[in-house]
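Remarks on the overall topology
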Amino acid sequence: MPGLPILLFAVIPGVLAPILTFWMASRAEAKIRAARHWPIVRARIVESRINRNSKGGRWATVRYAYEVQGAQHQSTRLSFVQTNLTGEQADAVLTRYPSGAEIEARYDPDKPGYAVLEPTGDVRTLRFAGVFVGAAFLVVAVILVFAGA
């Protein structure tokens, strides 16, 4: 039955990819909205650096420490949707959050170990990626069907 492999390896992922990424984007949007109302706590930047991968991607790592009700916490969450940055964007993050600086962070009152510096995030890229990946799988399915696979 040649249609079953196409269904399993092309059509189902082609349908599930956008559904999954749209669900993830909706969850991120809900966290962004909620975090705008989370309590604010003073934090100290423990480490601030730029990371690079072998393909030229850059991202900033900002580790910060804070205390909630006597318990010490650390986080590296800048925002809710992380993406690779241009050199200028990564430099701007380090300028905003230099090592040793005192800053404000927002923490989840239900999970004080979960904090964010900027309760923002652009989920459009996530949605676009889901649609693109889903479309790619469906194109492959159509090609395989017409090729007689």
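Above this text is the structure in question.
A brief report on the enclosed structure follows. (Residues numbered from 1 in each chain as written. Predicted model: local features only at pLDDT ≥ 70, side-chain atom pairs only at ≥ 80, totals over all residues. Heavy atoms only, no water.)

Points about the packing of helix 1 (residues 3-35) against helix 3 (residues 124-147)
This is how the line gets drawn: For every element, the axis is a line fit to its C-alpha atoms; helices are fit only across the contacting stretch, and the angle between N-to-C directions ranges from 0 to 180 degrees. Per the convention used, a helix needs a DSSP run of H or I reaching at least four residues, while a strand needs a run of E reaching at least two, with both numbered from the N terminus. By definition in this entry, angles of less than 35 degrees are roughly parallel, angles greater than 145 are roughly antiparallel, angles of 65 to 115 are roughly perpendicular, and the rest are oblique. In this classification, the charged set is Asp, Glu, Lys and Arg, the nonpolar set is Ala, Val, Leu, Ile, Met, Phe, Trp, Tyr, Cys and Pro, and all remaining amino acids, among them Gly, are polar.
At their nearest, the axes of helix 1 and helix 3 sit 8 Å apart, and the two run at 170° to each other. By the angle between their axes, helix 1 is roughly antiparallel relative to helix 3. Here the residues of the contact of helix 1 with helix 3 are counted per class, giving 19 nonpolar, five polar and two charged.

Observations concerning the nonpolar core
Operational definition: Put simply, buried Ala, Val, Leu, Ile, Met, Phe, Trp, Tyr and Cys residues joined by side-chain atoms within 4.5 Å make one nonpolar core. Only protein chains enter the area calculation, which uses a 1.4 Å probe; residues under 20% of their type maximum are buried, those over 50% are exposed, and those in between are partly exposed. Contact between two residues is taken to exist if any of their heavy atoms lie within 4.5 Å; hydrogens are not considered.
Counting 17 residues, the largest nonpolar core has Ile 45, Val 62, Tyr 64, Tyr 66, Tyr 97, Ile 103 and Leu 117 as its most contacted members. Elements with a contribution of two residues or more to this core: strand 1 (40-52), strand 2 (58-68) and strand 4 (102-108). Among the elements that take part in this core, strand 2 stands out by supplying five residues, more than any other. Contact partners of Tyr 97, with chain neighbours within four places excluded, come to Ile 45, Ser 48, Val 62, Leu 78, Ile 103, Leu 117 and Glu 118. Ile 32, Phe 80, Tyr 114 and Val 116 belong to the second largest nonpolar core, which has six residues in total.

Examining the side chain of Asp 108
Secondary-structure assignment places Asp 108 in strand 4. Leave out the neighbours within four places in its chain, and Asp 108 touches Trp 38 and Tyr 114.

Section: the pattern of salt bridges
This is how it is decided: Salt bridge, as applied in this entry: a Lys or Arg side-chain nitrogen positioned within 4 Å of an Asp or Glu carboxyl oxygen.
Inspection of every chain in the model, using the stated rule, returns five salt bridges. Here Arg 63 ties to Glu 47 by a salt bridge, and the two come within 3.6 Å at their closest N and O atoms. Of this pair, Arg 63 sits in strand 2 while Glu 47 sits in strand 1, placing them 16 residues apart in sequence. Sharing partners across several salt bridges, the network here consists of Glu 47, Arg 49 and Arg 63.

So, the environment of Gly 87
Take Gly 87: it is sitting in helix 2 (residues 87-96). Exposure remark for Gly 87: the relative accessible area of 24% places this residue in the partly exposed category. A sequence separation of 29 residues divides Gly 87 from Arg 58, and the C-alpha atoms of the two residues are 7.0 Å apart.

Observations concerning the sheet that holds strand 5 (residues 111-116)
Using the following cut-off: If DSSP finds at least two bridges between two strands, the strands pair.
As summarised here, the arrangement of the five strands in space is 3-2-1-4-5, forming an open sheet in which the pairing is antiparallel. Two strands lie at the open edges of the sheet, namely strand 3 (71-75) and strand 5, each paired on one side alone. Averaged over all pairs of adjacent strands, the angle between their axes in this sheet comes to 40°, without regard to strand direction. The pairing of strand 1 with strand 4 spans five bridges and is antiparallel. Its bridge partner being in strand 4, Arg 42 is matched across the sheet by Glu 104. Lying over the sheet, helix 2 contacts strand 1 and strand 2, oriented at roughly 20° with respect to strand 2.

Thoughts on unusual backbone geometry
Even without a glycine there, the phi angle at Gln 69 is positive, about 50°. In this fold, Gln 69 is placed in the loop between strand 2 and strand 3. Owing to a relative accessible area of 81%, Gln 69 belongs among the exposed residues under this scheme.

Section: the side chain of Thr 21
Under the convention used in this document: Counted as a polar contact is a pair of N or O atoms within 3.5 Å, where, for protein atoms, one must be capable of donating a hydrogen and the other of accepting one, and residues adjacent in sequence contribute only when both atoms are in side chains.
With respect to the helices and strands, Thr 21 occurs in helix 1. Assessed through its relative accessible area of 12%, Thr 21 is described here as buried. There is a polar contact of 3.0 Å between the side chain of Thr 21 and the backbone oxygen of Ala 17. Contact partners of Thr 21, with chain neighbours within four places excluded, come to Leu 126, Arg 127 and Gly 130.

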